[in-house]
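Below, each chain spelled out in residue letters.
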Amino acid sequence: MFVLLNNHLKSQTIKLDTMLLKGSFFGKDIYVQNPQIIVGKDTIYTAQQVLVNDSLVLNYMQLQKSAFAIPLTKLHLKEGTPITIKIIHSLKCICYSFN
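This write-up is about the structure you can find in this document. Quantities reported herein were computed from a predicted structural model and do not represent experimental measurements. (Residues numbered from 1 in each chain as written. Predicted model: local features only at pLDDT ≥ 70, side-chain atom pairs only at ≥ 80, totals over all residues. Heavy atoms only, no water.)

## Observations regarding the overall build of the protein
Looking only at helices and strands, the protein features 0 helices and 10 strands. Put simply, the protein runs from its N terminus to its C terminus through helices and strands in the order β-β-β-β-β-β-β-β-β-β. Residues classed as buried in the protein amount to 31% of the 99 residues present. Considering only residue pairs separated by 6 or more positions, the protein has 63% of its internal contacts joining residues 24 or more positions apart. Counting every atom, the protein has about 6800 Å² of accessible surface; 53% of that belongs to carbon and sulfur. (Helix = DSSP H or I, 4+ residues; strand = E, 2+ residues; numbered from the N terminus. Buried < 20%, exposed > 50% of the residue type's maximum accessible area, 1.4 Å probe, protein only. Contact = heavy atoms within 4.5 Å. Areas by Shrake-Rupley, 256 points an atom, 1.4 Å probe, with all protein chains shown as cover.)

## Some thoughts on the nonpolar core
Core analysis: the largest hydrophobic core is formed by 15 residues, its most contacted members being V50, F68, I70, L72, I85 and I87. Breaking this core down by element, the ones donating at least two residues are β7 (47-52), β8 (55-58), β9 (67-70) and β10 (82-90). Setting aside residues no more than four positions away along its own chain, I85 makes contact with M19, L20, L21, I30, V50, L51, V52, I70 and L72. (Core = buried A, V, L, I, M, F, W, Y, C linked by side-chain atoms within 4.5 Å.)

## Quick look at the sheet that holds β10
Pairing is antiparallel in the open sheet, where 4 strands are placed in the order β3-β10-β7-β8. A single partner strand is all that each edge strand has here, and the edge strands are β3 (16-24) and β8. Going from strand to strand, the sheet's axes swing by 30° on average, the running direction of each strand aside. Across 9 bridges, the pairing between β3 and β10 is antiparallel. If you follow D17 over to β10, its bridge partner there is H89. (Pairing = 2+ DSSP bridges. Axes fitted to C-alpha atoms, helices over the stretch in contact; angles between N-to-C directions.)

Right under this line is the structure:
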């Protein structure tokens, strides 16, 4: 669980889940649309963290926007390298995965 404090110092509890993507690196970044939810009077984006091969790549502050890129090209991976991407997100979001 992740606890957010809004401007009125009332706590809101947000339950988290993980979207798991597995594949191979082919020289491109991945772009993600980041849904938003309303918590009290605050608007937050649902993605909380992004990990690639269990290393933190993007943190909460970097994800506070409607879309973001997972910068795989900056990780110095060789083409064909197996990768696992974990997007930690709020359970209140609607997440889609395409095969």
